[in-house]
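Survey of secondary and tertiary structure
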Amino acid sequence: MLEIAVKAADSKRAVDIVALNVSQVSLLADYFMICSANSDRQINAIVDEIIDKEEEAQVKVKRVEGKDGGKWVLIDLGDLIVHVFSTSEREFYNLEKLWSDAPLENIEAWLD
């Protein structure tokens, strides 16, 4: 699930993709994936690609929040929650700092 999301986001030129293993610090999910985009249009392209690729792999998309607003979209895949931010929103909310107790996952092998 995480690998699919990372590759899908990367294929649409998402910026600064990170994955946090939140399994020991949150009951919400096992992983958070966070990435940024430079425009609302790119945010929507990333979100659509992640949803398409996850559904192709028979992963159930539980909920998508914020798609109409375009600055921060959350995709709930159960064990994985994906956050797609505009660059300014990501800096403002700084989820990496908020969840700093969660270790980073090594995703370099999945990036082009």
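Use the structure listed above.
Quick notes on the rules
Residue positions within a chain follow its written sequence, with the count starting from 1. Totals for whole chains, interfaces and linings use all residues, but because this is a predicted model, local features are given only for residues with pLDDT of at least 70 and pairs of side-chain atoms are given and counted only at 80 or more. Side-chain figures throughout are based on the complete set of non-hydrogen atoms in the structure, without hydrogens or water. Helix and strand labels come from DSSP, where a helix needs a run of H or I of at least four residues and a strand needs a run of E of at least two; each type is numbered from the N terminus. For every residue, the accessible area (1.4 Å probe, protein chains only) is compared with the maximum for its type, and the residue is labelled buried under 20%, exposed over 50%, or partly exposed between those bounds. Whether two residues touch is decided by their heavy atoms; if any such pair falls within 4.5 Å, the residues are in contact. Pairs of strands are assigned from DSSP output, requiring at least two bridges between the strands. As a rule, the C-alpha atoms of each element are fitted with a line to give its axis, helices using only the stretch in contact, and angles between N-to-C directions run from 0 to 180 degrees.

Before going further, it helps to examine the environment of Trp 110. Among the secondary structure elements, Trp 110 is positioned in the segment after helix H4 (95-98). Given the relative accessible area of 25%, Trp 110 is considered partly exposed. Along the chain, Trp 110 and Cys 35 lie 75 residues apart, while their C-alpha atoms are 14 Å from each other. Apart from residues lying up to four places away in sequence, Trp 110 is in contact with Leu 2, Glu 3, Val 6, Lys 7 and Asp 10.

The phi dihedral of Gln 58 is positive, around 60°, even though this residue is not glycine. Along the chain, Gln 58 falls in the loop between helix H2 (40-56) and strand S3 (63-65). A positive phi angle, near 45°, is found at Asn 94, a position not held by glycine.

Read from one edge of the open sheet, five strands run S1-S2-S5-S4-S3, paired in mixed fashion. The sheet is open, and its two edges are formed by strand S1 (15-21) and S3, each paired on a single side. Strand-to-strand twist of the sheet, defined as the mean angle between neighbouring strand axes without regard to direction, takes the value 15°. Pairing geometry for strand S4 (residues 72-76) and strand S5 (residues 80-86), over five bridges, is antiparallel. Opposite Val 73, over in S5, you have Val 84 as the bridge partner.

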